[in-house]
Amino acid sequence: MSTQIRVLLAKVGLDGHDRGVKVVARTLRDAGMDVVYSGLHRTPEEVVTAAVQEDVDILGVSLLSGVQMTVFPKIFALLKEHKVEDMIVVAGGVMPDEDVIELKRMGVAEVLLQDTPPQHIIDTLTGLVKARGDR
Amino acid sequence: MARPYIPSLDLIEPAARGETWAVARLISRAEAGTPEVREAIGEIYRRAGKAHVVGITGVPGSGKSTMVSKLVRKLLDAGERVAVVAIDPSSPYSGGSILGDRIRMSDLVLDPNVFIRSMATRGAVGGMAHAALDVVDILDLAGFDRIIIETVGVGQDEVEIAKASHTTVVVSAPGLGDEIQAIKAGILEIADLHVVSKCDRSDANRTLTDLKTMLKDGLGSALTRGWLPPVIGTSSYDDQGFEELISGFGKHLAHLDGPAGAARREQISVFRLKKAAEALMLERLRRHPAFEPEGRRVAARQTDPYAAASGIVKQFSMEKPHV
Ligand SMILES: Nc1nc2c(ncn2[C@@H]2O[C@H](COP(=O)(O)OP(=O)(O)OP(=O)(O)O)[C@@H](O)[C@H]2O)c(=O)[nH]1
Ligand SMILES: [Mg+2]
């Protein structure tokens, strides 16, 4: 049987908006996924600890504040420390093209920029989990 | 980075050592309820049984998650290792869910003696309560002293989970309507401890009085059970009532050590046995090859659903299981 896709959505950094994340959360729920939402202003340590305990398929980190180049290396180091290098990490938010390239080089599976159409988000996440296979 | 599938049996030892990734992965497998995990769950069950399982239930917005967060902090300060399982309903339309209880527990996340897991009501084979209790055993094996399950006190599954805990706490809150909400939801009877939350509010006194009056009417049945559920007022904002709540746990545990406790434990075991049997039966029954041809006959009105179903069940119960 196919199990439900589990996603953790987290906001890292200082910006105080979570309307966008909440819209994405509802989109994913309506597509049949279980979405753990952990709230605003999380640190990479908090996000990774939560993602490990929740054993999510996908860790979705959203940031608007331009801190992605420091946040993601930290996240990957922590995932390794927690022995969950197999977790799929997706970034969301606003960032320049060269950052997108750099993040993918670091191991971010996909970067979904603001205003990505909902169906594209769903298809991307579903595709990533499918490609990973059973675990 | 992909990695090879780790058989559930091989996850038991790292989980027993308290390695979070292994505990978390076993929980996912138990939740999915695939046949592969069953042997592991069986072994885990035999090794578990040390933790105190507390079910906390109450209508939406009654302050459960905020309370759990405060409660866990106190238990940690007392040197305990604590796990929280926060269960939220799935959307009946999509089967998906938004699990948001963690937001109120964010202070706890980085404490190495805490484990928090969110679960949705749907998605478990053979019912939610069955899977939730398997999850409890995994956490027990991993060495958590106290396991707290938060459920919304509406719906059959959620009530079953609360009843299957050692100690059931029913939360009522002021300001959510005139009635004690737990009565409407039919969950007043399952309480071993009553909590009136948000006692920093001026209207909390009325809720306390109403609840106590209500309980006096059912006094007889409580006394025959040998346990009178206390009513405890708490405030998560003012940090009130938590010592009383924790000492209530202690008293209820002491009560469970007596004859009443043996009956309770037996009742929980029978419940689990029934759920496990139902899950196995359903799984086999649903795969039965007769459904499609019989379905076509029902569609053509050559037979009716009841006659066809009773035929399939009869046939099914005579077949040898090959799982
Ligand atoms: N005045 C007051 N408000 C509280 C207290 N505890 C929680 N609240 C508020 O009550 C609301 C619901 O709190 P939660 O802890 O999320 O309640 P819950 O029962 O877990 O809710 P669900 O998980 O949605 O069923 C929030 O707005 C809290 O801020 C308290 O001790 N006093
Ligand atoms: Mg809650």
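- Under an unreviewed UniProt entry, the name given to chain B is LAO/AO transport system kinase, and the organism recorded is Cereibacter johrii.

- Per an unreviewed UniProt entry, chain A is named Methylmalonyl-CoA mutase C-terminal domain/subunit, and its organism is Cereibacter johrii.
- The UniProt entry for chain A carries the following comment under Cofactor (unreviewed entry): "adenosylcob(III)alamin".

1. Observations regarding the overall build of chain A
Then step 1. Secondary structure summary: chain A contains five helices and five strands in total.
Then step 2. Order of helices (α) and strands (β) in chain A, N terminus to C terminus: β-α-β-α-β-α-β-α-β-α.
Then step 3. Over its C-alpha trace chain A gives a radius of gyration of 14 Å, about what one expects of a compact globule, namely 14 Å for 135 residues.
Then step 4. Overall size of chain A, expressed as C-alpha extent along the three principal axes, is 40 × 35 × 25 Å.
Then step 5. Buried positions account for 55% of the 135 residues belonging to chain A.
Then step 6. Pairs at least 24 apart in sequence give 70% of the contacts found in chain A among residues at least 6 apart.
Then step 7. Total accessible area on chain A stands at roughly 6,100 Å², and carbon and sulfur atoms take up 55% of it.

2. Brief notes about the domain arrangement of chain B
Residue and element names in this part refer to chain B.
Then step 1. Each domain of chain B was delimited in the assignment, giving domain 1 (8-260) and domain 2 (271-318).
Then step 2. Its C-alpha centre places domain 1 at a distance of 35 Å from the equivalent point of domain 2.
Then step 3. On the side of domain 2, seven residues touch domain 1, which itself brings 13 residues to the contact.
Then step 4. Between domain 1 and domain 2, roughly 850 Å² of surface is buried when both sides are summed, and carbon and sulfur atoms account for 56% of that area.
Then step 5. Counting across the interface, domain 1 meets domain 2 through four salt bridges.
Then step 6. Here Lys275 ties to Glu160 by a salt bridge, and the two come within 3.4 Å at their closest N and O atoms.
Then step 7. For the pair domain 1 and domain 2, the number of links is five residue pairs in polar contact (both at pLDDT 80 or more).
Then step 8. For the side of domain 1 that touches domain 2, the elements supplying multiple residues, two or more each, are helix 3 (35-47) and helix 5 (128-141).
Then step 9. The element that contributes the greatest number of residues to the side of domain 1 that touches domain 2 is helix 5, accounting for five residues.

3. Observations regarding the interface of chain B and chain A
Then step 1. Tallying the contact residues gives 35 residues for chain B and 32 residues for chain A.
Then step 2. For the pair chain B and chain A, the two sides together bury roughly 2,800 Å², of which 53% comes from carbon and sulfur.
Then step 3. When the buried area of chain B at its contact with chain A is split by residue, Arg25, Ile98 and Arg102 of chain B rank highest and sum to 19% of it.
Then step 4. Linking chain B with chain A are six salt bridges.
Then step 5. Two residues, Glu19 of chain B and Lys83 of chain A, come together in a salt bridge whose shortest N-O distance is 3.0 Å.
Then step 6. Where chain B touches chain A, the interface holds 18 residue pairs in polar contact (both at pLDDT 80 or more).
Then step 7. Counting residues per element, the side of chain B that touches chain A draws most heavily on helix 2 (residues 20-32) of chain B, which supplies eight residues.
Then step 8. When grouped by side-chain class, the residues that make up the side of chain B that touches chain A number 15 nonpolar, 12 polar and eight charged.
Then step 9. Relative to strand 3 (residues 97-99) of chain B, strand 2 (residues 34-37) of chain A runs parallel, the two sharing three bridges. If you follow Val36 of chain A over to strand 3 of chain B, its bridge partner there is Leu99 of chain B.

4. Notes on the pattern of salt bridges
Residue and element names in this part refer to chain A.
Then step 1. For the structure shown, the criterion picks out 31 salt bridges over all chains.
Then step 2. The salt bridge partner of Asp57 is Arg135, with a shortest N-O separation of 3.3 Å. Of this pair, Asp57 sits in the loop between helix 2 (44-54) and strand 3 (58-63) while Arg135 sits in the segment after helix 5 (118-132), placing them 78 residues apart in sequence.
Then step 3. In this structure Arg135 comes out as buried when scored by relative accessible area, which is 17%.
Then step 4. A salt bridge links Glu102 to Arg105; its shortest N-O distance comes to 2.7 Å.

5. A closer look at the side chain of Ser62 of chain B
Residues and elements named next belong to chain B.
Then step 1. Position of Ser62 among the secondary structure elements: in the loop between strand 1 (52-58) and helix 4 (64-77).
Then step 2. Given the relative accessible area of 0%, Ser62 is considered buried.
Then step 3. A distance of 2.7 Å separates a polar side-chain atom of Ser62 from the backbone oxygen of Val59.
Then step 4. If sequence neighbours within four positions are ignored, Ser62 has contacts with Val171, Ala173, Leu176, Ser197 and Lys198.

6. Here we look at the packing of helix 1 (residues 8-16) of chain B against helix 2 of chain B
Residue and element names in this part refer to chain B.
Then step 1. Where helix 1 contacts helix 2, the axes come no closer than 8 Å and their chain directions differ by 140°. In terms of their interaxial angle, helix 1 and helix 2 are classed as oblique. When the axes of helix 1 and helix 2 are compared, the crossing they make is left-handed. Together, Ser8, Leu11, Ile12, Pro14 and Ala15 of helix 1 and Trp21, Ala22, Val23, Arg25, Leu26 and Arg29 of helix 2 make up the contact between the two elements.

7. Focus: the pairing of strand 6 (residues 167-172) of chain B
Residue and element names in this part refer to chain B.
Then step 1. Summarising burial for strand 6: six of the six residues are buried, a large majority.
Then step 2. Burial of the side chains of strand 6 extends over both faces: Thr167, Val169 and Val171 are buried on one face and Thr168, Val170 and Ser172 on the other.
Then step 3. Pairing geometry for strand 1 and strand 6, over five bridges, is parallel. Residue pairing for strand 6: Ile56 is matched across the bridge by Val169.
Then step 4. Pairing of strand 6 with strand 7 (residues 193-196) involves four bridges; the strand directions are parallel. When the bridges of strand 7 are listed, Val170 appears paired with His194.

8. Considerations on helix 4 (residues 97-106) of chain A
All names here are of chain A.
Then step 1. Inspection of helix 4 places Asp99, Val100 and Leu103 among the buried residues, and these make up the whole buried set. Buried residues of helix 4 fall within an arc of 105° about the axis and therefore sit on the same side. Relative to its buried face, helix 4 has exposed residues pointing more than 90 degrees away, namely Asp97, Glu98, Ile101 and Arg105.
Then step 2. Residues of helix 4 that are buried sit in contact with helix 3 (68-81), strand 4 (88-93) and strand 5 (110-113).

9. Notes on unusual backbone geometry
Then step 1. Unlike most non-glycine residues, Asp115 of chain A shows phi in positive territory, near 75°.
Then step 2. Residue placement: Asp115 of chain A occurs in the loop between strand 5 and helix 5.
Then step 3. Classification of Asp115 of chain A by relative accessible area gives exposed; the value is 73%.
Then step 4. Phi at Arg301 of chain B is positive, roughly 60°, even though this residue is not glycine.

Conventions used here
- Residues numbered from 1 in each chain as written.
- Chains lettered and ligands numbered in written order.
- Predicted model: local features only at pLDDT ≥ 70, side-chain atom pairs only at ≥ 80, totals over all residues.
- Heavy atoms only, no water.
- UniProt positions renumbered as here; feature names shortened; annotations may be inferred.
- Helix = DSSP H or I, 4+ residues; strand = E, 2+ residues; numbered from the N terminus.
- Rg over C-alpha atoms; globule rule 2.2 N^0.38 Å.
- Buried < 20%, exposed > 50% of the residue type's maximum accessible area, 1.4 Å probe, protein only.
- Contact = heavy atoms within 4.5 Å.
- Areas by Shrake-Rupley, 256 points an atom, 1.4 Å probe, with all protein chains shown as cover.
- Domains from an automatic or database assignment.
- Buried area = accessible area lost by both parts, 1.4 Å probe.
- Salt bridge = Lys/Arg side-chain N within 4 Å of Asp/Glu carboxyl O.
- Polar contact = N/O pair within 3.5 Å; in protein donor to acceptor, adjacent residues only side chain to side chain.
- Nonpolar A, V, L, I, M, F, W, Y, C, P; charged D, E, K, R; others polar.
- Pairing = 2+ DSSP bridges.
- Axes fitted to C-alpha atoms, helices over the stretch in contact; angles between N-to-C directions.
- Parallel < 35°, antiparallel > 145°, perpendicular 65-115°, else oblique.
- Left-handed = near helix turned anticlockwise from the far one by under 90°.
- Arc of directions from axis to C-beta.

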